[in-house]
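Observations on chain architecture
The lines below spell out each chain.
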Amino acid sequence: MKKIGFIMKIITFFKRIFTPEPEKPFVYGLFCCISFAINKYSQGPLRGCLNDQKKIVARIKQFWSQFVFRLFQDSDATWQRFEAEILRAFENMPTGWLVIHYSGHGTYKRNPREIDGFSEAFYFHNGSYADYQLYELMKKKPAGLKVTFILDCCFSTGITIPRVKHNPHYKQARFLASEPMPENFKVSKRAIIEEDIDWIVFAACGERETAADAYINGDYTGAFTWYFTQVMRPGVFFANWQKDVDKYLPSKDFQQSPSLTGSNKLMHELPFEMPAA
């Protein structure tokens, strides 16, 4: 019996060593950024999206250290994970600020309910996620939660609402066709557009434009992200960020027109500040 007891103690000892500790629950608090970045597509791979994620995270940490982060890259950046992460944030954040960042391909999906017959969509590692799907998801957002999207992909202006000094050596459109497009379907201006929604969207380009994956100042990056992260700062309205980005894009090198759409009230708030108690 003593021998058996000794063996059991040894087994218990090694179990403690090799059994990983249970993952601690993620604490969302009042400020959270969920970011998805994809370079490794099976077709049309990109180079700058993971760098985009690093730039956005670094800029937020620089000025708003109260943020926590949920970061997903390449094969972990699926549309199911995207939807689940947003829902989980909604469940855990009745108030506060949620930043949803995406850097990767955008695409179109046929949708007869749309005016032009097509829905704008994200192209995640495992497939597309359309504007009408995200719009339905956003209906579950708590009324007290403020949401800011930062989207560096093709056709990004309409992607949340169904219906709109450098030396670049490398430039590729962040567009991947999920199905054949009509011959006369052109992939085509910068704007601040008020929409009847209670979130805001910083988009890299127009609904019919592509967003460039570029090589700028020795770094692979999204052209929009390169300039956007330079103008992100506290103490001015979100709308001022857009006006500053407008100074750089579109340009001779990058014919894309970023936009800010959504709630006029949120556009004219100071970034990521909570009202005094």
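Summarised in this report is the structure supplied together with it. (Residues numbered from 1 in each chain as written. Predicted model: local features only at pLDDT ≥ 70, side-chain atom pairs only at ≥ 80, totals over all residues. Heavy atoms only, no water.)

A few words now on the environment of Leu 145. Looking at where Leu 145 falls in the secondary structure, it is placed in strand β7 (residues 144–152). Owing to a relative accessible area of 1%, Leu 145 belongs among the buried residues under this scheme. Sequence separation of Leu 145 and Ala 89 is 56 residues, and the distance between their C-alpha atoms is 9.7 Å. Sequence-distant contacts of Leu 145, that is, excluding residues within four places in its chain, are made with Phe 90, Met 93, Pro 94, Thr 95, Gly 96, Trp 97 and Leu 98. (Helix = DSSP H or I, 4+ residues; strand = E, 2+ residues; numbered from the N terminus. Buried < 20%, exposed > 50% of the residue type's maximum accessible area, 1.4 Å probe, protein only. Contact = heavy atoms within 4.5 Å.)

To continue, consider the sheet that holds strand β6 (residues 127–130). A sheet is described by the order of its strands in space; here 3 strands give the open sequence β4-β5-β6, paired in antiparallel fashion. Two strands in the sheet have a free side with no partner beyond their single neighbour: β4 (105–110) and β6. On average, each strand axis in the sheet is tilted by 45 degrees relative to the strand beside it, whichever way the strands run. Two strands pair when backbone bridges link them, and strand β5 (residues 118–124) and β6 are joined in this way by 4 bridges, in the antiparallel orientation. Paired with Phe 122 across the bridge in β6 is Tyr 129. Against the sheet, helix α3 (residues 79–92) makes contact with β5 and β6, and its axis sits at roughly 40 degrees relative to β6, the strand it touches most. Contacts from helix α4 (residues 131–138) reach β4, β5 and β6, with the element oriented near 55 degrees to β6. (Pairing = 2+ DSSP bridges. Axes fitted to C-alpha atoms, helices over the stretch in contact; angles between N-to-C directions.)

Two side chains carrying opposite charge are able to pair once their charged atoms lie near each other. Inspection of the entire model under this criterion finds 10 salt bridges. Among the ionic pairs, Asp 219 bridges to Lys 55, the shortest N-O distance being 2.3 Å. Accessibility expressed as a relative area gives 22% for Asp 219, which makes it partly exposed. Among the salt bridges present, the one from Lys 141 reaches Asp 198, with a minimum N-O distance of 3.1 Å. The exposure class of Lys 141 is buried, given its relative accessible area of 10%. What makes Asp 198 partly exposed here is its relative accessible area of 38%. (Salt bridge = Lys/Arg side-chain N within 4 Å of Asp/Glu carboxyl O.)

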